[in-house]
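Close look at the chain arrangement
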Amino acid sequence: MNKSKVIIVGASHGGHQSILELLSRYGEDVEITLFEAGDYVSFMSCGMELYLKDQVTNVRDVRNFRLESFPQPNVHIYNNHEVIELNADKKTVIVKSTAENKEKEYKYDKLILSSGVKPNSLPLPGAELENIFLMRGYNWATKIKAKLENPEVKKVAVIGAGYIGIEAAEAFHKAGKEVTLLDIIDRPLGTYLDKEMTDILENHLKEKGINVVTNAKISAFVGDVNVKAIKTEKEEIPVDLVIQAAGVKANTEWLKGSVDLDERGWIRTNEYLQTNLPDVYAVGDATLTYSIPARAKMPIALATVARREARYVVQHLFEKIPSSPFGGVVGSSALSVFDYHFAASGLNSFTAEKAGVNVHSSYYEDTLRPKYVPEQQGNKKASVQLFFDPITHQVLGGAILSTYDITAQGNVIALAIQQELTLEDLASADFFFQPGFDRQWSMLNLAAQHALGEEPFVE
Ligand code: FAD
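Keep in mind it's a predicted model, so treat the numbers as computed, not measured.

What counts, and at which threshold
Residues numbered from 1 in each chain as written. Predicted model: local features only at pLDDT ≥ 70, side-chain atom pairs only at ≥ 80, totals over all residues. Heavy atoms only, no water. Helix = DSSP H or I, 4+ residues; strand = E, 2+ residues; numbered from the N terminus. Rg over C-alpha atoms; globule rule 2.2 N^0.38 Å. Areas by Shrake-Rupley, 256 points an atom, 1.4 Å probe, with all protein chains shown as cover. Lys, Arg positive; Asp, Glu negative; His and termini not counted. Charge placed at Lys NZ, Arg CZ, Asp CG, Glu CD. Pairing = 2+ DSSP bridges. Axes fitted to C-alpha atoms, helices over the stretch in contact; angles between N-to-C directions. Phe/Tyr/Trp six-rings, centres within 6.5 Å; stacked < 30°, edge-to-face > 60°. Buried < 20%, exposed > 50% of the residue type's maximum accessible area, 1.4 Å probe, protein only. Expected span 1.5 Å × (residues − 1). Contact = heavy atoms within 4.5 Å. Salt bridge = Lys/Arg side-chain N within 4 Å of Asp/Glu carboxyl O. Near = heavy atom within 4 Å. Polar contact = N/O pair within 3.5 Å; in protein donor to acceptor, adjacent residues only side chain to side chain. Core = buried A, V, L, I, M, F, W, Y, C linked by side-chain atoms within 4.5 Å.

**Focus: the overall build of the protein chain**
Along the protein chain, the regular secondary structure elements total ten helices and 25 strands. Taken against the 2.2 N^0.38 rule, which gives 23 Å for 459 residues, the C-alpha radius of gyration of the protein chain at 24 Å falls within 12% of a compact globule. Overall size of the protein chain, expressed as C-alpha extent along the three principal axes, is 70 × 60 × 40 Å. Carbon and sulfur atoms form 49% of the exposed surface of the protein chain, whose accessible area is close to 21300 Å². Separation between the mean location of the 47 positive side-chain charges and that of the 60 negative ones in the protein chain comes to 4 Å.

Structure (structure tokens):
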């Protein structure tokens, strides 16, 4: 019997998870071929900060998998192989081997696209100057590391104060550089957190010595060969190096004319993550994903999303009509900002407005443990913000922030959103109490009770 041929495009989270899932479901009954355009398989950008901060010493360890991770005879992984064309009629892809500069046609029964995104290079005067870097993938990681260790690099500007920009700013600051962090909007991390929390973090960044420039309208990069300054509407900021972390663009140019893309290049998929072409599926950053709280598709560029989508696609790959649609994701992330840690899930005011969802929010601050436990014993303050439907009280988003590592509580918020719980559910959820960790009611109980307008918990 001929085995089904499954071709995967892209060796990152989506591609990796597809192989794992195919092997665990179908073992040797499928022929799996993965093409990766780059040389390196498979750098984990999520771990780049750990490498930049010397918490992982060998850059080659920061990866999802290696070429040799799958010795099974039915798994074929080709790096330096760029898929350049998709012929839906013949059910083939044309693949260019970049090392040999040769093209070859491969047949598929099922095709899974996980070609991801590339970071935006701002189209500004001076964009061609040296020392304007991006932050994604193995090659940029090693280049950035070299600059971190170069004493001649003294002033670094990071464009984009999302989580990638914050990671870059912190790594350069810890390496002793003078860091300016610029963002076009009015506060850092403004697409992840509401103002109550970004105020805390913005002050903290400034306290640590980061020059935070918000509402920054950058008009040019200045220099002869190397970049020497960033020009904004208000000032010229001297720099030796620029890191651009200002959004991404889907790797889908090669699909134009075959796969249905939206006006910005994201791959359109249906509720089964199928493209417009038969037997062609798409997962990960190159697609828009279904957000449970927004009840709509939106870009949520996270490894967690690519993996859940790949798992779903493979689970239903050989069903004529998939038995259930993809359940969607919440979109959860966590980050340390120097001494603070936060986790955020689902919608916030910024993303809710963009998605046209009406949310109310409630902000709550308290100590994590009973008041009699001194702060020096670890009784830190924490903040919780909940976003909810004003009529049904369904929890649609939330974030938690503290100098204590409370990120695990972020996963509780994520689960509440995914399971469509209400404030009332969260207010009475049966969490443990032990004064070494927690209060008589856990922070999330108290935050939900506060959002419901209940009397404060007085000790
Ligand atoms: P990508 O990771 O974008 O990879 C796509 C792959 O496809 C690439 O290797 C590319 O070379 C290849 N490719 C593209 N076109 C072709 C083609 N035509 N032929 C062959 N190959 C092709 N997410 C989290 O959840 N948590 C984190 O902590 C986190 N931290 C991050 C930190 C940084 C610095 C960055 C940059 C991202 C981070 N992310 C994080 C996001 C996460 O890395 C992405 O969401 C995830 O990698 C998406 O996986 P993907 O499979 O969609 O594609």
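There's more to say after this.
**Topic: the sheet that holds strand 4 (residues 81-87)**
What the three strands build is an open sheet, ordered 4-5-6; its pairing is antiparallel. Pairing within the sheet leaves two strands with one partner each, and these edge strands are strand 4 and strand 6 (102-107). Adjacent strand axes in the sheet meet at a mean angle of 25°, parallel and antiparallel pairs treated alike. When strand 5 (residues 92-97) meets strand 6, the two strands line up antiparallel, connected through six bridges. Residue pairing across strands places valine 93 opposite tyrosine 106, the latter belonging to strand 6.

**Quick word on the packing of aromatic side chains**
This model, assessed by the stated rule, comprises eleven aromatic pairs. With a centroid separation of 5.7 Å and 65° between ring planes, the pair formed by phenylalanine 65 and phenylalanine 70 is classed as edge-to-face. With relative accessibility at 3%, the residue phenylalanine 65 sits in the buried group. Relative to tryptophan 140, the ring of phenylalanine 133 lies with its centre 5.3 Å away and its plane at 55°, an arrangement referred to as tilted. A connected cluster of aromatic rings, assembled from ring pairs, spans Phe35, Tyr78 and Tyr106.

**Points about helix 6 (residues 303-315)**
Three or four residues apart is the spacing at which side chains of an α-helix point the same way, because the helix has 3.6 residues per turn. Over its 13 residues, helix 6 runs 18 Å from end to end, which matches the ideal 18 Å to within 8%, given 1.5 Å per residue. For helix 6, the secondary structure elements touched by its buried residues are helix 1 (13-26), strand 7 (110-113), strand 18 (280-282) and strand 19 (289-291).

**A short note on the pairing of strand 22 (residues 340-346)**
For strand 22, the buried fraction is high: five of the seven residues fall into the buried class. Bridge analysis of strand 21 (residues 332-337) against strand 22 gives six bridges, and the strand direction is antiparallel. Opposite valine 337, over in strand 22, you have tyrosine 340 as the bridge partner. Counting the residues between successive antiparallel strands, the hairpin from strand 21 to strand 22 contains two residues, one of them, phenylalanine 338, with a positive phi of roughly 50°. Of the pairings in the sheet, the one linking strand 22 to strand 25 (residues 395-402) comprises six bridges and is antiparallel in character. Paired with alanine 343 across the two strands is isoleucine 400, which belongs to strand 25.

**Side note on the pattern of salt bridges**
If you walk through the whole model with that rule in mind, you get 25 salt bridges. Across the pair arginine 311 and glutamate 21 runs a salt bridge whose closest N-O atoms are separated by 3.7 Å. Linking arginine 311 in helix 6 with glutamate 21 in helix 1, this pair joins segments that are 290 residues apart in sequence. Here arginine 311 falls in the partly exposed class, since its relative accessible area comes to 43%. Among the ionic pairs, aspartate 61 bridges to arginine 66, the shortest N-O distance being 3.6 Å. Exposure remark for aspartate 61: the relative accessible area of 47% places this residue in the partly exposed category.

**Regarding the site of the ligand**
Lining the immediate environment of the ligand, one finds 31 residues, of which Ser12, Glu36, Ser114, Asp285 and Leu302 sit closest. Within the backbone of glycine 14, one N or O atom sits 2.9 Å away from an oxygen atom of the ligand. Glutamate 36 is positioned with one of its side-chain polar atoms (N or O) 2.6 Å from an oxygen atom of the ligand. If the ligand stood free it would expose 1000 Å²; the protein chains cover 87% of that surface. Mapped onto the shell around the ligand, the elements with two or more residues apiece are helix 1, strand 4, helix 4 (163-174) and helix 6.

**Description of the sheet that holds strand 13 (residues 218-223)**
Read across the sheet, three strands follow the order 13-14-15 without closing on themselves; strand pairing throughout is antiparallel. Every interior strand has two partners, whereas the edge strands, strand 13 and strand 15 (236-238), have only one. For this sheet, the mean angle separating the axes of adjacent strands, direction not counted, is 25°. Bridging between strand 13 and strand 14 (residues 227-232) involves five bridges; their strand directions are antiparallel. Residue pairing across strands places alanine 220 opposite lysine 231, the latter belonging to strand 14.

**Digging into the nonpolar core**
Counting residues in each nonpolar core, the largest one holds 40 residues, and the members touching the most others are Ile144, Ile243, Val337 and Phe342. Looking at which element gives the most residues to this core, the answer is helix 4, with five residues. When neighbours within four sequence positions are excluded, valine 337 is seen to be in contact with Ile166, Glu170, Leu189, Leu201, His204, Leu205 and Phe342. Ranked by size, the runner-up nonpolar core spans 38 residues in total, among them Val41, Val75, Val313 and Val357.

**Section: the side chain of serine 97**
With respect to the helices and strands, the residue serine 97 is situated in strand 5. Looking at serine 97, its side chain comes within polar contact range of the main-chain nitrogen of glutamate 100, at 3.2 Å. Look past the residues within four positions of serine 97 in its chain and what remains in contact with it is Asn80, His81 and Lys102.

**Here's the deal with the environment of glutamate 235**
Its location among the elements puts glutamate 235 in the loop between strand 14 and strand 15. The residues contacting glutamate 235, other than those within four sequence positions of it, are Val213 and Ile230.

**Some remarks on unusual backbone geometry**
Phi is mostly negative for residues that are not glycine, and the peptide bonds are mostly trans. That bond from valine 41 to serine 42 is cis: its omega, -5°, falls within 30 degrees of zero. Within the element layout of this structure, serine 42 appears in the loop between strand 2 (30-35) and helix 2 (48-52). Phi at lysine 91 takes a positive value of approximately 55°, unusual for a residue other than glycine. Relative to the helices and strands, lysine 91 resides in the loop between strand 4 and strand 5.

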